[in-house]
Amino acid sequence: MFDPFIAPSGTLLGLLQRGRGDGTLHALAAPRPEALAALNHCVVSDPRHDWQVENRSLYYARLYLDLDGGIEEIERHLADPDDHIDTDDSRTGLALSVLGHLASYGRDDALALLRRYATTGANWAWALDELALRDDDAGLRSLALPVLARFPATDQGAADLAAAVRDSFEPRPWRLWADDPREAVGARVRAAGEQGSFDRWQRQMRPGGPRPGWSVQAVFDWAQLALERGSELHVPAARCLTAVAGPDDLPQIVEAARSGPEGARCAALHYLAEAGEPVVLDLIEAAAVSPSRTVAHTAIAAFERMTGEAAVERARRWAHRPDALGASAAGVLACRGTAQDAPQVLGALREAVRGDGPDAPRLWTLVDGAGRLGIACAAPVLRHVYRETSSSHLRGRAARALAATDPSFATGFAVECLWDCEETTREVAALHAETGDIRVAERLRRLAADPAEEAEVQTAVRSRIGPDTSAV
């Protein structure tokens, strides 16, 4: 999947693509055709950079309800001939999840479309999982024959059916179908379930590939062989070293970390970092400038896993470096530093935004660090990240940091965050939003009564509108 085009943050489309609360508020104030056009664009052209972890479906479903929007564009998207050409989950997953939420809010048209797609669409398994959570038993039983017709009565068809039963996220439909008295339904599904269980048992009993021998050198050889075959098994190899290495093996491990082959060097660096050996910090510093990218990246990753005070002290020395080790050191200070490290964390935060923009991967740690250390003068940078990032998770982290650093958060971004696409961001907003704003009071009541809202958000909301709270 290509990275999606994200419109500027000041536009309605850009706000909705980011899942910002202001997107909903602007959509409700915009002309309805314009708002629906932007909403449909987001749902059929998934704007998320990481669709597996970022939330948008409930956010978009709620906006469909608020706009009284139809689902014709979603239906056209699902019925497009590309559905059977581009079968990646990312093409239709968001649309199907939106339909699932709409069905849970009582939209019969969404439920009917999910049923149709489960019988004809390429991503039928996702649609079936959505229906498993929302449809009644009769509706699910009606899908048994069309779904089973996807699997021909051949050995390969039986194997594919067994895999589908075994790998389903929501087993409810298959359990209903297994109880069906019809031979073509119940018997097939029961047989598939038994075969799936047998396959799982076989995988658990079968050796999982080559294993290292029980010596330090054997572990190094195994890690090197894996690297030559294209697999990076440095961390598992380090765990194996923990099991087989004794005090007498330390010189050999140190030498491997200093000048061994790539696979052995990486495994040794991870082992020494986990063990907290003092010599490892000098070895990491040398490895971080290695011409081998694998060794350099592993050295930095090993340093970031260290938790002792020695690592923090060394991070204070390295944080001024203009290379990847310097950036990593700033991240360590953000996670484990103290108030004395605030200037270095703030400098790294500003440099990351200036150099790499509001979506830079290293911003996640630095934003958290600014909030953890309570760096008040970081608020302008955090507000910029909040507005501009296309990652809803990073925006949520920025919101938490602003709650700890920006006195205006409660009357500013916290109000918007009550409509955010991420439940963790809505939870922060529910705890901090100024209830003197009439929009806040109404939104808190609505979230408290919404059965689709996450329990953590509702707990936060009820802490603000309980019987002893007179502000709302």
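Residues numbered from 1 in each chain as written. Predicted model: local features only at pLDDT ≥ 70, side-chain atom pairs only at ≥ 80, totals over all residues. Heavy atoms only, no water.

Chemist: Before we go on, may I ask you to explain the overall build of the chain in this structure?
Modeler: In terms of helices and strands, the chain carries 29 helices and 0 strands. Its C-alpha atoms give the chain principal-axis dimensions of about 70 × 65 × 45 Å. Taking all 472 residues of the chain together, 50% fall into the buried category. The contacts of the chain with a sequence gap of at least 6 include a subset with a gap of at least 24, amounting to 64%. Within the structure as shown, the chain displays about 22100 Å² of accessible surface, and the carbon and sulfur contribution to it stands at 53%. Positive and negative charge centroids in the chain, built from 51 and 68 side chains respectively, lie 2 Å apart. (Helix = DSSP H or I, 4+ residues; strand = E, 2+ residues; numbered from the N terminus. Buried < 20%, exposed > 50% of the residue type's maximum accessible area, 1.4 Å probe, protein only. Contact = heavy atoms within 4.5 Å. Areas by Shrake-Rupley, 256 points an atom, 1.4 Å probe, with all protein chains shown as cover. Lys, Arg positive; Asp, Glu negative; His and termini not counted. Charge placed at Lys NZ, Arg CZ, Asp CG, Glu CD.)

Chemist: For this particular structure, what's the right way to read the packing of aromatic side chains?
Modeler: Two aromatic rings, taken as a pair, are described by how far apart their centres are and by the angle between their planes. Overall, the coordinates contain 6 aromatic pairs when judged by the stated rule. Summarising the aromatic geometry, the rings of Phe303 and Trp318 are spaced 5.0 Å apart at their centres and angled 65° between planes, so their arrangement reads as edge-to-face. With Phe303 in helix H19 (residues 293-304) and Trp318 in helix H20 (residues 309-318), this residue pair connects regions lying 15 residues apart in the sequence. Given the relative accessible area of 0%, Phe303 is considered buried. According to the relative accessible area criterion, Trp318 is buried, its value standing at 2%. (Phe/Tyr/Trp six-rings, centres within 6.5 Å; stacked < 30°, edge-to-face > 60°.)

Chemist: It is not clear to me how a negative patch on the surface should be interpreted in this structure. Could you clarify?
Modeler: Among the surface-exposed residues, Asp80, Asp82, Asp86, Asp88 and Asp89 lie close enough to one another that they form a single negatively charged patch. In this structure, Asp86 sits in the loop between helix H5 (72-79) and helix H6 (89-104). (Patch = residues over 30% accessible without salt bridge, like charges linked within 9 Å, V, L, I, M, F, W, Y side chains within 5 Å. Salt bridge = Lys/Arg side-chain N within 4 Å of Asp/Glu carboxyl O.)

Chemist: In this structure, what is going on with the pattern of salt bridges? I would like to understand it.
Modeler: A side chain of one charge can pair with a side chain of the opposite charge when the charged atoms of the two come close. One pass over the full model with this rule turns up 32 salt bridges. One salt bridge in this structure joins Arg56 and Glu54, with 3.1 Å as the shortest N-O distance. Judged by its relative accessible area of 5%, Glu54 falls in the buried class. The closest approach of N and O atoms between Glu285 and Arg314, which form a salt bridge, is 3.7 Å. Taken together, the positions of Glu285 in helix H18 (residues 280-287) and Arg314 in helix H20 put the pair 29 residues apart, joining distant regions of the chain. Glu285 sits in the partly exposed class, given a relative accessible area of 25%. Overall, the relative accessible area of 11% leaves Arg314 in the buried class. When salt bridges with common partners are traced through the structure, they connect Asp282, Glu285, Arg314, Arg321 and Asp323 into a single cluster.

Chemist: Honestly, the environment of Leu133 in this entry has me stumped. Any pointers?
Modeler: Here Leu133 shows up in helix H8 (residues 124-134). Sequence separation between Leu133 and Glu170 is 37 residues, and the spatial gap between their C-alpha atoms is 7.8 Å.

Chemist: Is there a simple way to think about the nonpolar core in this case?
Modeler: Soluble globular proteins: nonpolar side chains tend toward being buried together. Residues Phe220, Ile284, Phe303, Leu349 and Leu418 are the most contacted members of the largest nonpolar core, which totals 88 residues. Leu140, Trp174, Trp177 and Cys421 belong to the second largest nonpolar core, which has 55 residues in total. (Core = buried A, V, L, I, M, F, W, Y, C linked by side-chain atoms within 4.5 Å.)

Chemist: Looking at this structure, how should I read H8?
Modeler: An α-helical segment advances 3.6 residues per turn. Residues three or four places apart therefore align on the same side. Counting buried residues in H8 gives 8 out of 11 residues, a clear majority hidden from the surface. Among all positions of H8, only Trp124, Trp126, Ala127, Leu128, Asp129, Glu130, Leu131 and Ala132 are buried. Here the buried face of H8 lies against H6, helix H7 (108-120), helix H9 (137-141), helix H10 (144-148), helix H11 (155-167) and helix H12 (172-178).

Chemist: What is the right way to read the side chain of Arg443 from this model?
Modeler: The topology assignment puts Arg443 in helix H28 (residues 438-449). This buried residue, Arg443, is left without a salt bridge; Asp66 holds the nearest opposite charge, at 5.6 Å. Excluding its chain neighbours within four sequence positions, the residues that come into contact with Arg443 are Arg62, Leu418 and Trp419.

Chemist: Honestly, the packing of H20 against helix H21 (residues 324-336) in this entry has me stumped. Any pointers?
Modeler: How two helices pack is summed up by the angle between their axes together with the distance between the axes. Remark: H20 packs on H21, axes separated minimally by 8 Å, with the N-to-C direction vectors making an angle of 130°. One element, H20, and the other, H21, form an angle in the oblique class. Between H20 and H21 lies a crossing whose hand is left-handed. Of the residues in H21, those touching H20 at Val312, Ala315, Arg316 and Trp318 are Leu325, Gly326, Ala329, Val332, Leu333 and Arg336. Its residues assigned to classes, the contact of H20 with H21 shows 7 nonpolar, 1 polar and 2 charged. (Axes fitted to C-alpha atoms, helices over the stretch in contact; angles between N-to-C directions. Parallel < 35°, antiparallel > 145°, perpendicular 65-115°, else oblique. Left-handed = near helix turned anticlockwise from the far one by under 90°. Nonpolar A, V, L, I, M, F, W, Y, C, P; charged D, E, K, R; others polar.)

Chemist: Looking at this structure, I do not really get the packing of H6 against H8. What am I missing?
Modeler: One can describe the packing of H6 onto H8 by two numbers: an axis separation of 9 Å at closest approach and a directional angle of 15°. Classified by the interaxial angle, the pair formed by H6 and H8 is roughly parallel. As for the relative orientation of H6 and H8, their crossing is right-handed in sense. Residue-level contacts link Asp89, Gly93, Leu96, Ser97, Gly100, His101, Ala103 and Ser104 of H6 to Trp126, Ala127, Glu130 and Arg134 of H8. A per-class count over the contact of H6 with H8 returns 4 nonpolar, 5 polar and 3 charged.

Chemist: Hey, could you run me through the environment of Ala460 in this one?
Modeler: One can find Ala460 in helix H29 (residues 455-464). A relative accessible area of 5% means that Ala460 is categorised as buried. Residues Ala460 and His49 lie 411 residues apart in sequence; the distance between their C-alpha atoms is 29 Å. The contacts of Ala460, once residues within four sequence positions are left out, are Glu427, Ala430 and Leu431.

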